[in-house]
Amino acid sequence: MSDSFPRQYDKIILDKVDSTNAHAARVASKLNRPTWILGLKQTDGRARRGRKWLNSEGNFAATLVLFAQEAPETLALRSFVASLALFETLRLITGRPNLFSLKWPNDVLLKGGKMAGILLETLSLGVDKNALAIGVGVNLIAAPDASQIEPNAAPSISLFATTGIKITPEQFLNYFAKCYATREAEFVRHGFRPIRKAWLDHAARLGESITARLPNCEISGRFDTIDEKGHLVLKTAQGKEVIAAADVFF
């Protein structure tokens, strides 16, 4: 695959930014087409559930502003589109797909360690008009120290430290944007079914025992599948549990 940028998307490259998602919120109303915003240095990155995304210079921090006018539950499925596109990007760059897997709901693992995360946010553009910000962080060069990671979470890991492959954020964006554009077009034409199937083909711990941590409890069971809404389906001693949102631990 060529690393040329997809023609139907624009890109903005910033030397320094607080958060690419925050910048997306500031400029979305002025954009005319789907646009990638890449921050070469991000000082205040955000992760899911209000956590910080720790980002070293040389790592990948970008946000796609997407003007998709769909129901919130459909927009939320873009996390699977993005994580699958990330997997495919890393397969292209390394030629070693067996190193990578996908962790529900939207992390990419390298040899079992977390190397990428995704954050979706809705951007208000006025009355009855919104955009979707898909924030993506990838540890290309360095990973946070173990002391900065939540207890029992997967260890953080970087592409360079594990594989010896070095790629710049700009080069990575060119590959990733093209992979994303292909999967986005498929999602728009055919819905979630082919995305779901491809995602499950690379899912971490499918068929194994995992634990889902919800705000008020933990549920452990066998990871059976994800359903047509992207919800996690566990088989437990008490029966089937369908979980819309949680943190997963192995």
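Details of the structure are given in the entry above.
The rules behind each value
- Residues numbered from 1 in each chain as written.
- Predicted model: local features only at pLDDT ≥ 70, side-chain atom pairs only at ≥ 80, totals over all residues.
- Heavy atoms only, no water.
- Helix = DSSP H or I, 4+ residues; strand = E, 2+ residues; numbered from the N terminus.
- Rg over C-alpha atoms; globule rule 2.2 N^0.38 Å.
- Buried < 20%, exposed > 50% of the residue type's maximum accessible area, 1.4 Å probe, protein only.
- Contact = heavy atoms within 4.5 Å.
- Areas by Shrake-Rupley, 256 points an atom, 1.4 Å probe, with all protein chains shown as cover.
- Lys, Arg positive; Asp, Glu negative; His and termini not counted.
- Charge placed at Lys NZ, Arg CZ, Asp CG, Glu CD.
- Pairing = 2+ DSSP bridges.
- Axes fitted to C-alpha atoms, helices over the stretch in contact; angles between N-to-C directions.
- Polar contact = N/O pair within 3.5 Å; in protein donor to acceptor, adjacent residues only side chain to side chain.
- Parallel < 35°, antiparallel > 145°, perpendicular 65-115°, else oblique.
- Left-handed = near helix turned anticlockwise from the far one by under 90°.
- Expected span 1.5 Å × (residues − 1).
- 1 Å grid on protein atoms, 1.4 Å probe; cavity = no way out; pocket = protein on both sides within 12 Å on 5 of 7 lines; lining within 4 Å.
- Points joined across faces, edges and corners; volume = space filled by probe spheres on them.
- Nonpolar A, V, L, I, M, F, W, Y, C, P; charged D, E, K, R; others polar.

(A) Focus on the overall build of the protein. A count of helices and strands for the protein gives six helices and 12 strands. Expected size for 250 residues packed as a compact globule is a radius of gyration near 18 Å; at 17 Å, the protein falls within 12% of this value. For the protein, the C-alpha atoms occupy an extent of roughly 50 × 45 × 35 Å along the three principal directions. Out of the 250 residues belonging to the protein, those deemed buried represent 50%. Here the contacts in the protein between residues at least 6 apart in sequence split such that 64% fall between residues at least 24 apart. When the accessible surface of the protein is split by element, carbon and sulfur atoms take 48% of a total near 11900 Å². Looking at the protein, you have 32 positive and 25 negative side-chain charges, and the mean spots of the two groups are 3 Å apart.

(B) Focus on the sheet that holds strand 3 (residues 60-66). Sheet architecture is open: seven strands sit in the order 1-2-3-7-6-5-4, paired in mixed fashion. With partners counted over all chains shown, the strands left at the sheet margins are strand 1 (10-14) and strand 4 (100-103), one partner each. With strand direction ignored, the average angle separating the axes of adjacent strands in the sheet is 20°. Sheet strands in contact with helix 3 (residues 78-94) are strand 3, strand 4, strand 5 (107-110), strand 6 (113-124) and strand 7 (130-138), and its direction is about 140° off that of strand 6.

(C) Structural detail: the side chain of T211. As for its position among the elements, T211 is in strand 8 (residues 209-213). Separated by 2.7 Å, the side chains of T211 and S220 make a polar contact. Setting aside residues no more than four positions away along its own chain, T211 makes contact with E218, I219, S220, D247, V248 and F249.

(D) Spotlight on the packing of helix 3 against helix 5 (residues 169-190). Running from amino to carboxyl end, helix 3 crosses helix 5 at an angle of 135°, the nearest separation of the two axes being 8 Å. With respect to helix 5, the element helix 3 is oriented oblique. Taken as a pair, helix 3 and helix 5 cross one another with a handedness that is right-handed. For the pair formed by helix 3 and helix 5, the contact residues are R78, V81, A82, L84, A85, L86, E88, T89, L90, L92 and I93 on the first element and F172, Y175, F176, C179, Y180, R183, E184, F187 and V188 on the second.

(E) Layout of helix 3. In this model helix 3 runs 24 Å from its N-terminal to its C-terminal C-alpha over 17 residues, within 8% of the 24 Å that 1.5 Å per residue would give. In terms of burial, helix 3 is a largely internal element, 15 of the 17 residues being buried. Following helix 3 by one or two positions, G95 adopts a phi angle in the positive range, close to 70°.

(F) Quick look at empty space enclosed by the protein. Tallying each qualifying case throughout the model produces one cavity of 30 Å³ or more. Taken as a whole, the largest cavity holds about 30 Å³ of empty space. Lining the largest cavity, in full, are K103, W104, A204, I210, F223, L232, V248 and F250. Here the lining of the largest cavity is built from residues that sort into seven nonpolar, no polar and one charged.

(G) Broad picture of the environment of F160. If you trace the backbone, F160 turns up in helix 4 (residues 159-163). Exposure remark for F160: the relative accessible area of 33% places this residue in the partly exposed category. Note: C-alpha distance between F160 and E88 (72 residues apart in sequence) is 17 Å. Those residues in contact with F160, other than ones at most four positions away along the chain, are L140, I141, I165 and K166.

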